[in-house]
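# Descriptive analysis of the structure
Chain residues, written in single-letter form:
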Amino acid sequence: MDGLIKFCPECGKEVEILPRFGRMRAVCAACGRIHFQDPKVAASALVEEGGKILLVKRVMTPMRGTWTLPAGFVEADEDPRAAAAREVLEETGLRVEIGELFDVIYGREHKRGASIVIVYRAVVVGGTLQAQDDAEEAHFFAPDEIPELGFEATKRVVEWWLKNR
Ligand SMILES: [Zn+2]
């Protein structure tokens with residue numbers, strides 16, 4: 001099965017794929033550990049300023065060259081709100097204050113992508129807009145300037161924003 005581990009993270013022995021708790025899971029024959037696959041979680045921010053929305057241009061594949069909300073994976077020991085603020089800073093140079101939860105979007109869009117994206121509203125509190133890290137460009141866009149968007153999660157947020165801002 002896709003994504004299932006082959007070796008036990010506990011003892012290193014080969015696992016068997018067996019029915020456990022309602023679905024097929026990797027079970028270690030040596031130590032009995034059952035491996036539960038966890039979702040990959042990303043955090044993202046809808047940052048508005050002066051009636052414009054902050055987007056970054058991807059340098060990574062897939063969807064290289066398209067624009068998305070600033071986003072990235074949540075570390076295992078990280079509050080997703082902190083992850084969203086960190087990603088905005090890393091990609092755009094802007095310091096933001098994370099506000100209310102905007103949306104939680106389910107659905108992996110590519111092999112290395114997240115299966116859950118948590119989107120917060122955020123406002124700029126400092127920093128200087130300058131693309132960095134894994135963004136090629138970072139800009140605020142007016143409703144009539146929206147560039148080609150990558151990923152359904154970003155499209156969903158931007159479409160909502162265009163209708164309801
Ligand atoms: Zn084991």
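The coordinates are above.
Residues numbered from 1 in each chain as written. Predicted model: local features only at pLDDT ≥ 70, side-chain atom pairs only at ≥ 80, totals over all residues.

### Remarks on the overall build of the protein chain
In plain terms, the rule: Put simply, DSSP marks the helices as runs of H or I at least four residues long and the strands as runs of E at least two long, and each gets a number from the N terminus on. In this scheme every C-beta is placed from the backbone, and a residue whose C-beta has 20 or more other C-beta atoms within 10 Å is buried, one with 12 or fewer is exposed, and one in between is partly exposed. With C-beta atoms placed from the backbone, a contact is any residue pair whose C-beta atoms sit within 7 Å.
Assigned secondary structure in the protein chain consists of 2 helices and 10 strands. Listed N to C, the secondary structure of the protein chain is β-β-β-β-β-β-β-α-β-β-β-α in terms of helices and strands. Taking all 165 residues of the protein chain together, the buried fraction comes to 28%. For the protein chain, restricting intrachain contacts to residue pairs at least 6 apart in sequence, the fraction spanning at least 24 positions comes to 60%.

### A word on the pairing of strand 1 (residues 15-20)
Rules: Strands pair, by our definition, only if DSSP identifies at least two bridges between them.
Relative to strand 2 (residues 23-28), strand 1 runs antiparallel, the two sharing 6 bridges. The partner of Pro19 across the bridge, within strand 2, is Met24. Counted between consecutive antiparallel strands, the loop separating strand 1 from strand 2 contains 2 residues, among which Phe21 sits at a positive phi close to 50 degrees.

### What about the environment of Ala42?
Counting through the fold element by element, Ala42 comes out in strand 4 (residues 41-49). According to the C-beta neighbour criterion, Ala42 is buried, with 23 such atoms within 10 Å. Filtering out sequence-adjacent residues up to four positions away, Ala42 remains in contact with Ala71, Gly72, Phe73, Val74, Ala114 and Val117.

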